[in-house]
Amino acid sequence: MSIEIHDVTQENESAILKLSVAKEQKGFIETPQECLQEAKEDLHYHPVGLFADSKLVGFAMYGYFSNEDGDQVWLDRFLIDAKFQGQGLGKIMLQALIEKLKNEFNCQKIYLSVYEDNPGAIYLYKKFGFEFNGELDVHNEKVMVKAV
């Protein structure tokens, strides 16, 4: 299977806007439309489409932030479209995103946040070495960090 991560462009934006998670996951993540709007307002964010064998299967948004705690790379949004869930693509795409962030930013850590009542996401992130650091983000999501 070939895995590709592409910037959101005029050519793929309408397909990305159609992506959605399963009904029971909707409260855990913003829609691609909300994410793209946020990325237009805050240029730290970098939205991307996730492709498997040239087929759009998911969406992610990441960013590089400098603050009083130093420089941080965040995997801020990550979703696999509902019709592609259960095929192992979450694991495959998360690994590809981790590699992309390591290479693009030469970072030592990757941060993300997750609602504590989202056990599926927490299980996936822990499987990849993300650990809770005791902090909460601005939306009261628990912060997880992975040393790379």
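Structure shown above.
The present account deals with the structure reproduced in this document.

**Digging into the side chain of Glu141**
Counting through the fold element by element, Glu141 comes out in the loop between strand E6 (131-136) and strand E7 (142-147). Although buried, Glu141 forms no salt bridge, and the nearest oppositely charged side chain, Arg77, lies 6.4 Å from it. In this structure the side chain of Glu141 is engaged in a polar contact, spanning 3.3 Å, whose partner is the side chain of Ser113. Here Glu141 is in contact with Ser113, Val114, Tyr115, Glu135 and Leu136, once residues within four sequence places are set aside.

**Brief notes about unusual backbone geometry**
Of note in this structure, Ser54 is not a glycine but carries a positive phi near 65°. Among the structural elements, Ser54 can be located in the loop between strand E2 (45-52) and strand E3 (55-67). Overall, the relative accessible area of 62% leaves Ser54 in the exposed class.

**Structural notes on the pattern of salt bridges**
Across all of its chains, the model carries 7 salt bridges by this definition. Between Arg77 and Glu38 there is a salt bridge, with the nearest N and O atoms lying 2.8 Å from each other. Placement of the pair is Arg77 in strand E4 (residues 70-80) and Glu38 in helix H2 (residues 32-41), with a sequence separation of 39 residues. On the basis of relative accessibility, which here comes to 5%, the residue Arg77 falls in the buried class.

**Observations concerning the sheet that holds E6**
The 7 strands are arranged E1-E2-E3-E4-E5-E7-E6 in an open sheet whose pairing can be described as mixed. Edge positions in the open sheet fall to strand E1 (3-7) and E6, since each of these has one partner strand only. The average undirected angle you get between the axes of adjacent strands in this sheet is 30°. Examined bridge by bridge, strand E5 (residues 109-114) and E7 share 6 bridges and lie antiparallel to one another. Its bridge partner lying in E7, Ser113 is registered against Val143. Docked against the sheet, H2 engages E2, E3 and E4, running at close to 35° with respect to E3.

The rules behind the values
- Going along each chain's sequence as written, the residues are numbered from 1 onward.
- In keeping with the model being predicted, local features are shown solely for residues with a pLDDT of at least 70 and side-chain atom pairs are shown and tallied solely at 80 or more, while totals for entire chains, interfaces and linings include all residues.
- Heavy atoms throughout the structure, all of them, feed into the side-chain values; hydrogens and water do not.
- In this text, helices come from DSSP runs of H or I with a minimum length of four residues, and strands from runs of E with a minimum of two, each type numbered from the N-terminal end.
- Burial classes follow relative accessibility: with a 1.4 Å probe on protein chains only, a residue under 20% of its type's maximum area counts as buried, one over 50% as exposed, and anything between as partly exposed.
- Positive charges are assigned to Lys and Arg, negative charges to Asp and Glu, while His and the chain termini are left out of the count.
- Salt bridges are counted wherever a side-chain nitrogen of Lys or Arg sits within 4 Å of a carboxyl oxygen of Asp or Glu.
- N or O atoms within 3.5 Å of each other form a polar contact, as long as, within protein, one can give a hydrogen and the other can take it, and as long as residues adjacent in sequence are counted only when both atoms are side-chain atoms.
- Contacts: residue pairs with any heavy atoms within 4.5 Å of one another.
- Here a strand pair is declared whenever DSSP counts at least two bridges between the two strands.
- Only the stretch in contact is used when fitting a helix axis, every axis being a line fitted to C-alpha atoms; angles between N-to-C directions are given from 0 to 180 degrees.

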